[in-house]
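Residue strings, one per chain:
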Amino acid sequence: MSTPLVLTRPAGRSASVRGPVRRAPRRPRQTAPVEREEFLRATVQSLAVAVVEVLTGSRACTSIARWIEPALYERIRTHAALRQDLARSVAPRGHVFTAGRPRVCPVGESVVEACVVVRGTRRHRAVAMRLEHARGRWQVTEFVSV
């Protein structure tokens, strides 16, 4: 019991005994948290600007249908149609909106909430949205603009 424990490596098998090298199948590359966050920031910026453009009448509502949950899409479409009916003139074509740096807060593995300021020539809007990852893409499930 007084001798120290010595660990040795097992002797390797000879080349004639070795079989073909089998490797585990490669897993799809997981995106790093930093890459995911930058992707979500860019997505939030573009979706916020697109929805604000729809709400002001300078963008077609059908252009955002893919990224918006169907129930929310109907609310946005109804709001845009009412705005268009009440508007005294057509929205100017040269109206440019830009988004500031969004703040993205993960709520769960596949849910994030974000807020961003969208600047226009006449007005700035605070936008908050909730995105959920479903069927391989991020979709906006809630949207509030003030």
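The shown structure was predicted, so the numbers you read here are calculated from the model rather than taken from an experiment.

Scoring rules and cut-offs
- Residues numbered from 1 in each chain as written.
- Predicted model: local features only at pLDDT ≥ 70, side-chain atom pairs only at ≥ 80, totals over all residues.
- Heavy atoms only, no water.
- Helix = DSSP H or I, 4+ residues; strand = E, 2+ residues; numbered from the N terminus.
- Pairing = 2+ DSSP bridges.

Our focus in this paragraph is the environment of Ala-134. Here Ala-134 lies in strand β4 (residues 124–134). Remark: the alpha-carbon pair of Ala-134 and Val-111, spanning 23 residues in sequence, is separated by 9.5 Å.

Note that strand β3 (residues 111–119) and β4 share nine bridges and pair antiparallel. Bridge pairing in β4 links Val-112 to Leu-131. In this sheet, strand β5 (residues 137–145) lies alongside β4 in antiparallel orientation, the contact comprising eight bridges. Paired with Ala-128 across the two strands is Val-144, which belongs to β5. Linkage of β4 to β5, two consecutive antiparallel strands, is achieved through a turn of two residues, within which Arg-135 is found at a positive phi near 55°.

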